[in-house]
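The lines below spell out each chain.
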Amino acid sequence: MPDIAFATSGSTGPPVTWLRTEDRLHAEVTLVHEAVLGSARFGRIVSYAPPGHLYGRLYGRELPRLADIPVTGLWDEPLTVPPLDDGVPTLLVCLPSTWQLLARHLPALARHGRVTALHSTGPATPAAHHVAGRLADTGFRAHELLGSTETGAVAHRPVAGEHTSGLPWHLLPDVEMLPGSVADGDGTARRLRVSSPRLARRAGTEAPPADWELPDLVAPVGPRAFHHLGRASRLVKVNGVRCDLARVEDLARARCPGLDLVCAPVSDPVRGEHYEVFYAGPGPVDPAALRRSLGRLPSGLPAPRAVHRVPHIPRSSTGKVLTAELTAARPAQEAEHV
Amino acid sequence: MTSTATVPSPEEIHDRTRTVLATRIGDAFTDVPSDADLQKALGERYDSLTAMECISAVESEFGIEVDFVADDVRFWFSSVERMVRFTHERLEDTAALGLGS
C-alpha cells in the first residue's frame, strides 16, 4: 500500500513532502482515542479541519473509518453550527476559528452534555478558554493536541478554562522527550525534541529520522511533561499554514527597497495567530501599494493582517527589534489593514 | 403602535456598517459598492473567517445578536446592503417587542 503524503507549505523553505504509512495513521488515531479521549464511544464526528492536512485526515477520515462513526465534514463551512439537538455523543474536530462558533452556542452545548472537542493546528484562542470555562461543569470535554506534520501528535492536555493557569502538556504514551537545543542562557527553555514510532519519512529518504526537533520551546516538568513557552523560530501559523516571518520580511524588502520593514507576530481571536507588518521609510511610500504587494506573497504565504507605517522601527543597542514596543505603539490612525 | 423612533435610519445603519467593516477588512473595502457581493469583490479577503469577524463587529456596533442557526448568515452577510436590511429589521423587531435598551 503506498504511503500517504502530507506536504508542508514550503513557506519556511522549499515545499517538503512527508510520507506516512496507513498503519501509522491508524496507530495515531487509536492512541489518541484511547489516551486522550478515553475510548469514548462517539455516535458522530463533525470535522472543521480539512482532510488534506494530517490533523483533518486523522480525525475526519481515519478515526471515523476505524471506529465506524458517521462523519460530517464542515471544513468548507466554518459558520455552520454542528448538530446539537439530538444528544448523540459527538466529537468536534476543531480549528482555532471553530471556537468563535461554539462560543455562540453555549446553552445548546451545555444541554447536549455529550460533546467532546479536539483542538489542534494552532494555539487555543481566548474563545476556546472561554467555552471550556463556561462549560466546565457540564458533560462538555475539550482537549488540545501538540504536534507537527513531521511528528504527528506528541503531547496533549485539557483545554484550560479562562480562569485556569496554563496546564502542562503530557507526552503521548509512545513518545519520548530527548534533550533539545538550549534556547536561553540558563537552559530553562529548550527546543522540544522527540522520538516516536510515528515520525514521518521525508520524501526521497529511506526511513523516518530517529528523532525530530520541533520549533516549540518548552520547559520540562519531569520526564514526560512540559510547559510550552512559545516558538523558537519566527514561525506563526495562520489558518494552519506555516509562515516564517523572516522569509516574509526578505520578500517584502526585496519588493520595497529602502524601507525598514519588520513583521511582528500577534495573537488573533479567530485564527489563533497572525502577523502584522510595520515599516518606516525616508520617502513617501504608498501604503496601499505595499499592502497590494504583500497580498500576493508566493508559496501560499498568508498576507499580513495589517500594515502599519511608523516613524521608525525601535531597536535595542544590539539591533534587535523591540517587538513589544513596536506593537504597543501601533498607530491606529495610519493603520492600513490588509 | 410600535416604538421605532429609536431605530437608526437605514442610511445611518449603512454608514456605521461600512465604517465597522472597513476597520476589519481595510482599505481594500473602500471602493466596493454596497450592493456588491463581498466574496466576489474581495476574494479571499472576505473568507468565512473574515465574515465571522464582520458579523461580530456588526453585532457589537448595533447591539444585536445573529443566530447562526435561524438566520441565513451566508445570505444576509454577503453584501453591505443585505447587512443593512438585516440589521434594520432586527432593530425594528427589538424596538417593537420593547426589548431595546
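All of these numbers come straight from a predicted model, not from anything done at the bench. (Residues numbered from 1 in each chain as written. Chains lettered and ligands numbered in written order. Predicted model: local features only at pLDDT ≥ 70, side-chain atom pairs only at ≥ 80, totals over all residues. Heavy atoms only, no water.)

Looking only at helices and strands, chain B features five helices and zero strands. Counting helices and strands in the order they occur from the N terminus, chain B gives α-α-α-α-α. Dimensions of chain B, computed from C-alpha atoms along their principal axes, come out at roughly 45 × 30 × 20 Å. If you take every contact in chain B between residues at least 6 apart in sequence, the share linking residues at least 24 apart comes to 58%. As displayed, chain B offers around 5500 Å² of accessible surface, 48% of which is attributable to carbon and sulfur atoms. Within chain B, one finds 9 positive and 20 negative side-chain charges whose respective centroids are separated by 3 Å. (Helix = DSSP H or I, 4+ residues; strand = E, 2+ residues; numbered from the N terminus. Contact = heavy atoms within 4.5 Å. Areas by Shrake-Rupley, 256 points an atom, 1.4 Å probe, with all protein chains shown as cover. Lys, Arg positive; Asp, Glu negative; His and termini not counted. Charge placed at Lys NZ, Arg CZ, Asp CG, Glu CD.)

Turn by turn, an α-helix covers 3.6 residues, leaving residues three or four places apart pointing in a common direction. Residues and elements named next belong to chain B. With 17 residues, helix α5 (residues 80–96) should cover 24 Å at 1.5 Å per step; its first-to-last C-alpha distance of 24 Å lies within 8% of that length. Buried within α5 we find Val80, Met83, Val84, Phe86, Thr87, His88, Leu91 and Ala95. Structurally, α5 contributes buried residues whose contacts are with α1 (10–25), α2 (38–42), α3 (48–62) and α4 (73–76). Phi turns positive, to about 70°, at glycine 98, one or two residues after α5. (Expected span 1.5 Å × (residues − 1). Buried < 20%, exposed > 50% of the residue type's maximum accessible area, 1.4 Å probe, protein only.)

What follows concerns the packing of α1(B) against α3(B). Residues and elements named next belong to chain B. The interhelical angle for the contact between α1 and α3, taken along N-to-C directions, is 135°, at an axis separation of 10 Å. In terms of their interaxial angle, α1 and α3 are classed as oblique. Between α1 and α3 the crossing geometry is right-handed. Contacts between α1 and α3 involve Ile13, Arg16, Thr17, Val20, Leu21, Arg24 and Ile25 on the former and, on the latter, Thr50, Glu53, Cys54, Ala57, Val58, Glu61 and Phe62. (Axes fitted to C-alpha atoms, helices over the stretch in contact; angles between N-to-C directions. Parallel < 35°, antiparallel > 145°, perpendicular 65-115°, else oblique. Left-handed = near helix turned anticlockwise from the far one by under 90°.)

This part takes up the pattern of salt bridges. All names here are of chain A. Under the criterion given, the structure shown has 21 salt bridges over all chains. With its nearest N and O atoms 2.7 Å apart, the salt bridge here joins aspartate 174 to arginine 198. In this pair, aspartate 174 sits in the loop between β9 (169–171) and β10 (176–178) while arginine 198 sits in the loop between β11 (190–195) and β12 (201–202), placing the two residues 24 residues apart along the sequence. Owing to a relative accessible area of 22%, aspartate 174 belongs among the partly exposed residues under this scheme. (Salt bridge = Lys/Arg side-chain N within 4 Å of Asp/Glu carboxyl O.)

Tallying the contact residues gives 19 residues for chain A and 21 residues for chain B. Summed over the shared surface of chain A and chain B, the result is four salt bridges. A salt bridge links Asp47(B) to Arg271(A), with the nearest nitrogen and oxygen atoms 3.7 Å apart. Our count for the chain A to chain B interface comes out at seven residue pairs in polar contact (both at pLDDT 80 or more). (Polar contact = N/O pair within 3.5 Å; in protein donor to acceptor, adjacent residues only side chain to side chain.)

Residues and elements named next belong to chain B. Here chain B averages 86 in pLDDT, while 91% of its residues score no lower than 70. Least confident of the elements in chain B is α3, whose mean pLDDT is 88; most confident is α5, at 93. Here the complex is predicted with pTM 0.77, and the ipTM for its interfaces comes to 0.70. (pLDDT = per-residue confidence, 0-100.)

Once that is clear, we can look at the packing of aromatic side chains. Residues and elements named next belong to chain B. Within this structure, the stated rule accounts for six aromatic pairs over all chains. Their ring planes at 85° and their centres at 4.9 Å tell us that phenylalanine 75 and tryptophan 76 sit as a pair that is edge-to-face. Tryptophan 76 sits in the buried class, given a relative accessible area of 16%. Through a chain of ring-to-ring contacts, three or more aromatic side chains come together here, namely Phe75, Trp76, Phe77 and Phe86. (Phe/Tyr/Trp six-rings, centres within 6.5 Å; stacked < 30°, edge-to-face > 60°.)

Residues Trp99(A), Phe140(A), Leu21(B), Tyr46(B), Val58(B), Phe68(B) and Phe77(B) are the most contacted members of the largest nonpolar core, which totals 56 residues. Per element, the largest residue contribution to this core is seven residues, and it comes from α3(B). Those residues in contact with Phe140(A) that sit more than four places away from it in its chain are Trp99(A), Leu109(A), Gly113(A), Val115(A), Ala117(A), Val131(A) and Leu135(A). Grouped together as the second largest cluster of nonpolar side chains are 36 residues, Phe6(A), Leu54(A), Leu63(A) and Leu91(A) included. (Core = buried A, V, L, I, M, F, W, Y, C linked by side-chain atoms within 4.5 Å.)

Turning to the layout of surface pockets, a few remarks are in order. Taken as a whole, the second largest pocket encloses approximately 550 Å³ of empty space. In this structure, the second largest pocket is lined by 25 residues; those nearest its centre are Arg104(A), His105(A), Val66(B), Asp67(B) and Phe68(B). Residues that form the lining of the second largest pocket fall into these classes: twelve nonpolar, four polar and nine charged. (1 Å grid on protein atoms, 1.4 Å probe; cavity = no way out; pocket = protein on both sides within 12 Å on 5 of 7 lines; lining within 4 Å. Points joined across faces, edges and corners; volume = space filled by probe spheres on them. Nonpolar A, V, L, I, M, F, W, Y, C, P; charged D, E, K, R; others polar.)

This next bit is on the environment of Val159(A). Residues and elements named next belong to chain A. With respect to the helices, strands and loops of the structure, valine 159 is situated in the loop between β8 (152–158) and β9. A relative accessible area of 8% places valine 159 in the buried class. Leaving out residues up to four positions away in the same chain, valine 159 has contacts with Ala128, His129, Ala132, Ala142, His143 and Glu144.

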